[in-house]
Every structure is written in structure tokens, then in C-alpha cells.
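Coordinate inspection notes
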Amino acid sequence: NSCSARWTVEINAINRGNIRIGIYNLPGEEVAVLANKIYDAGSHSFEWNAGEAPSGIYLCKIEIDGRILTSQITLEK
């Protein structure tokens, strides 16, 4: 029985620059990298297909030109 669990993050970049988005489990292990390169200014959408990841709480860490934003993801299957 396969479960399709997807989570999307949308970013509106003011300037061209490096965007890195990582998904981490609670012990701090990185389980996915959604982006890690230079993007032009504008709107960008990134998706985490969490199909193989177990249910639980994850952290999404977004780094844009030295600024870091984090948000919590609760994955329920």
C-alpha cells in the first residue's frame, strides 16, 4: 500500500541568489535537499515527495543569501 505524501514550499526571491532547502528529521539528520543552487529573482516552487519517509515531525530549513528560516512539518500517513 503506497502513500503519496507531498509537501510544497513556495519562495518569492527578491534578488538573484543561492537558495538551499533541506528537510531534517528530529535527530538532525538531513533526509532531503529540495534546492541548492543560484535562482533568479521571482517566484519558485519546491516539492518534497515524502513517500518513503516515516510519519513524524520534520524541520524544513530554508537558507536564502545567509538568512535562515525554519518551519515544522508534521507528516502523517
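Our structure's up above, just so we're on the same page.
Heads up: these notes are all about the structure in this document. (Residues numbered from 1 in each chain as written. Predicted model: local features only at pLDDT ≥ 70, side-chain atom pairs only at ≥ 80, totals over all residues. Heavy atoms only, no water.)

On to the sheet that holds strand β5 (residues 56-64), then. To summarise the sheet geometry, strands pair through backbone hydrogen bonds and adopt either a parallel or an antiparallel arrangement. An order of β3-β2-β5-β6 is seen for the four strands of this open sheet, with the pairing classed as antiparallel. The outermost strands of the open sheet, each flanked by one partner alone, are β3 (30-39) and β6 (67-75). The average undirected angle you get between the axes of adjacent strands in this sheet is 15°. Relative to β3, strand β2 (residues 17-25) runs antiparallel, the two sharing eight bridges. For N18, the partnering residue across the bridge sits in β3 and is I38. (Pairing = 2+ DSSP bridges. Helix = DSSP H or I, 4+ residues; strand = E, 2+ residues; numbered from the N terminus. Axes fitted to C-alpha atoms, helices over the stretch in contact; angles between N-to-C directions.)

Once that is clear, we can look at a nonpolar patch on the surface. Together, L26, I57 and L59 line one region of the surface with nonpolar side chains, adding up to about 250 Å² of accessible area. Along the chain, L26 falls in the loop between β2 and β3. Taking relative accessible area as the criterion, L26 reaches 58% and is therefore assigned exposed. (Patch = residues over 30% accessible without salt bridge, like charges linked within 9 Å, V, L, I, M, F, W, Y side chains within 5 Å. Areas by Shrake-Rupley, 256 points an atom, 1.4 Å probe, with all protein chains shown as cover. Salt bridge = Lys/Arg side-chain N within 4 Å of Asp/Glu carboxyl O. Buried < 20%, exposed > 50% of the residue type's maximum accessible area, 1.4 Å probe, protein only.)

Our next topic: the packing of aromatic side chains. Taken as a whole and assessed by the stated rule, the structure comprises two aromatic pairs. Residues Y39 and F46 carry aromatic rings whose centres are separated by 5.3 Å and whose planes lie at 85° to one another, so their mutual orientation is edge-to-face. The exposure classification of Y39 matches that of F46, with both residues buried. Here W48 and Y58 contribute two aromatic rings whose centre-to-centre distance is 5.2 Å and whose plane-to-plane angle is 65°, an arrangement assigned as edge-to-face. Pair noted here: W48 is in strand β4 (residues 42-49) and Y58 is in strand β5, with a separation of ten residues, a long-range link. Of the two residues examined, W48 and Y58, each falls in the buried class. (Phe/Tyr/Trp six-rings, centres within 6.5 Å; stacked < 30°, edge-to-face > 60°.)

Counting residues in hydrophobic clusters, the biggest one holds 21 residues, and the most contacted among them are I11, I19, I21, I23, L34, F46 and W48. Elements with a contribution of two residues or more to this core: β1 (6-13), β2, β3, β4, β5 and β6. If we skip the residues at most four places from it in the chain, W48 touches A5, R6, W7, I23, V31, A32, L34, A53, Y58, I73 and L75. (Core = buried A, V, L, I, M, F, W, Y, C linked by side-chain atoms within 4.5 Å. Contact = heavy atoms within 4.5 Å.)

The values reported here are purely geometric and, on their own, carry no functional implication.
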